[in-house]
Amino acid sequence: EVQLVESGGGLVQPGRSLKLSCVASGFTFSNYGMNWIRQAPGKGLEWVAYISSGSSYIYYAETVKGRFTISRDNAKNTLYLQMTSLRSEDTALYYCARRNNYYVMDAWGQGASVTVSS
Amino acid sequence: ETVLTQSPTTTAASPGEKVTITCRASSSVSYMHWYQQKSGASPKLWIYDTSKLASGVPNRFSGSGSGTSYSLIISSIESEDAATYYCQQKSSDPPWTFGGGTKLELK
């Protein structure tokens, strides 16, 4: 069974940093590109970042470029999102999601909640 | 960047009714994907490549469209279909944007 389990969320003050993790199981993690997608309270889905299977290709949404860093450790089956200079508008549930060969996100984690507030 | 606009934003239907959700793209796209998200749960892949049902999706669901207009259709809605549905364009290039979502309620 494909599983993605996020962790590392929490309450953080504006301007501070936080690092999310997503542990994958049930599939060959190193074969898939991975995404972070977020959902602000009561709002829709917003793509945040993508990393290819071998980390050769990395892309960010304009709203987080320069502040967030996506990375992965294929030996540990783990995806990361390092978030710095956090703002109140970064408050959201952060999902990791697997991308398959159809360029579709076919597996999602349960989400990690990030609240940016003083 | 291609902007995806879904309509309606919210809709309600009675069991057995047919429901159509539309996603319009600001420029032509090759295919559209759809996700279902129930309240308090993670999104699930529902339809991919415009018309292919994801594993486990009931065949009362279908997808169609081309160019700038795509639809998710439920032929005969059931209570378990109450959810928010999001479209997303198929693309090899970022950003991978989503539509704003359509909330489907049962009467």
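The rules we used
Residues numbered from 1 in each chain as written. Chains lettered and ligands numbered in written order. Predicted model: local features only at pLDDT ≥ 70, side-chain atom pairs only at ≥ 80, totals over all residues. Heavy atoms only, no water. Helix = DSSP H or I, 4+ residues; strand = E, 2+ residues; numbered from the N terminus. Rg over C-alpha atoms; globule rule 2.2 N^0.38 Å. Buried < 20%, exposed > 50% of the residue type's maximum accessible area, 1.4 Å probe, protein only. Contact = heavy atoms within 4.5 Å. Areas by Shrake-Rupley, 256 points an atom, 1.4 Å probe, with all protein chains shown as cover. Buried area = accessible area lost by both parts, 1.4 Å probe. Salt bridge = Lys/Arg side-chain N within 4 Å of Asp/Glu carboxyl O. Pairing = 2+ DSSP bridges. Polar contact = N/O pair within 3.5 Å; in protein donor to acceptor, adjacent residues only side chain to side chain. Phe/Tyr/Trp six-rings, centres within 6.5 Å; stacked < 30°, edge-to-face > 60°. Lys NZ or Arg CZ within 6 Å of the ring centre and 35° of its normal. Disulfide = S-S within 2.5 Å.

Asker: Before we move on, can you summarise the overall build of chain A with the specific residues and values?
Answerer: The number of helices and strands found in chain A is zero helices and 11 strands. Each helix and strand of chain A, placed in order from N terminus to C terminus, yields the pattern β-β-β-β-β-β-β-β-β-β-β. Computed over the C-alpha atoms, the radius of gyration of chain A is 13 Å, within 12% of the 13 Å expected from 2.2 N^0.38 for a compact globule of 118 residues. Dimensions of chain A, computed from the C-alpha atoms along their principal axes, are close to 40 × 25 × 25 Å. When burial is assessed residue by residue, chain A has 47% of its 118 residues classed as buried. Once local pairs closer than 6 in sequence are excluded, the contacts in chain A between residues at least 24 apart make up 53%. Within the structure as shown, chain A displays about 5400 Å² of accessible surface, and the carbon and sulfur contribution to it stands at 44%.

Asker: Run through the interface of chain B and chain A, naming residues and quoting values.
Answerer: If you look at the interface, chain B gives 19 residues, while chain A gives 20 residues. The junction of chain B with chain A conceals about 1600 Å² of combined surface from both sides, 68% of it contributed by carbon and sulfur atoms. Of all residues in chain B, Pro-43, Trp-96 and Phe-98 of chain B give up the largest surface area on contact with chain A, accounting jointly for 34% of the area buried on that side. Put simply, chain B and chain A have zero salt bridges between them. Listed by contribution, the elements that provide at least two residues to the side of chain B that touches chain A are strand E4 (32–37), strand E5 (44–48) and strand E9 (83–89) of chain B. Per-element accounting of the side of chain B that touches chain A gives the leading share, three residues, to E4 of chain B.

Asker: Describe the sheet that holds E5 of chain B, and please don't skip the residues or the numbers.
Answerer: Residues and elements named next belong to chain B. Here six strands make up an open sheet; going across it, the order is E2-E10-E9-E4-E5-E6 and the pairing mixed. Where the open sheet ends on each side, the last strands, each with one partner, are strand E2 (10–13) and strand E6 (52–53). Pairing geometry for E5 and E6, over two bridges, is antiparallel. Paired with Ile-47 across the two strands is Leu-53, which belongs to E6.

Asker: I'd like to hear about the side chain of Thr-2 of chain B, residue by residue, with values.
Answerer: All names here are of chain B. Here Thr-2 shows up in the segment before strand E1 (4–7). Separated by 3.0 Å, the side chains of Thr-2 and Ser-27 make a polar contact. Leaving out residues up to four positions away in the same chain, Thr-2 has contacts with Ala-25, Ser-26, Ser-27, Val-29, Gln-89 and Thr-97.

Asker: Could you give me a rundown of the packing of aromatic side chains, with the residues and numbers involved?
Answerer: All chains considered together, the criterion is met by 13 aromatic pairs over all chains. Judged by centre distance (5.8 Å) and plane angle (80°), the rings of Tyr-95 of chain A and Trp-108 of chain A are edge-to-face. In this pair, Tyr-95 of chain A sits in strand E9 (residues 92–99) while Trp-108 of chain A sits in strand E10 (residues 105–108), placing the two residues 13 residues apart along the sequence. You can call Tyr-95 of chain A buried: its relative accessible area is 1%. One aromatic cluster in this structure is built from Trp-47, Tyr-50 and Tyr-59 of chain A together with Trp-96 of chain B. Sitting over the ring of Phe-27 of chain A, Arg-98 of chain A keeps its end group 4.7 Å from the ring centre. Sitting above the plane of the Tyr-31 of chain B ring, Lys-90 of chain B keeps its charged end 4.9 Å from the centroid.

Asker: Give me the lowdown on the state of the cysteines, citing residues and values where you can.
Answerer: Residue and element names in this part refer to chain A. Tallied over the entire structure, the rule returns two disulfides over all chains. Paired by a disulfide, Cys-22 and Cys-96 hold their sulfur atoms 2.0 Å apart. Taking the torsion about the sulfur-sulfur bond, which here is approximately 55°, the covalent link between Cys-22 and Cys-96 counts as right-handed. In this pair, Cys-22 sits in strand E3 (residues 18–25) while Cys-96 sits in strand E9, placing the two residues 74 residues apart along the sequence.

Asker: Break down the pairing of strand E8 (residues 78–83) of chain A for me, citing the residues and quoting the values.
Answerer: All names here are of chain A. Burial analysis of E8 places five of its six residues in the buried class, which makes it a mostly covered element. Sheet topology note: the E3/E8 ladder contains six bridges and is antiparallel. By the bridge assignment for E8, Leu-20 is matched with Leu-81. With six bridges joining them, strand E7 (residues 68–73) and E8 adopt antiparallel strand pairing. Paired with Asp-73 across the bridge in E8 is Thr-78.

Asker: Summarise unusual backbone geometry; cite the residues concerned and give the values.
Answerer: Residue and element names in this part refer to chain B. With an omega dihedral of -5°, the bond running from Ser-7 to Pro-8 counts as a cis peptide bond. Mapping Pro-8 onto the fold places it in the loop between E1 and E2. Cis geometry marks the peptide bond from Pro-94 to Pro-95; its omega dihedral reads 0°. Mapping Pro-95 onto the fold places it in the loop between E9 and strand E10 (102–106).

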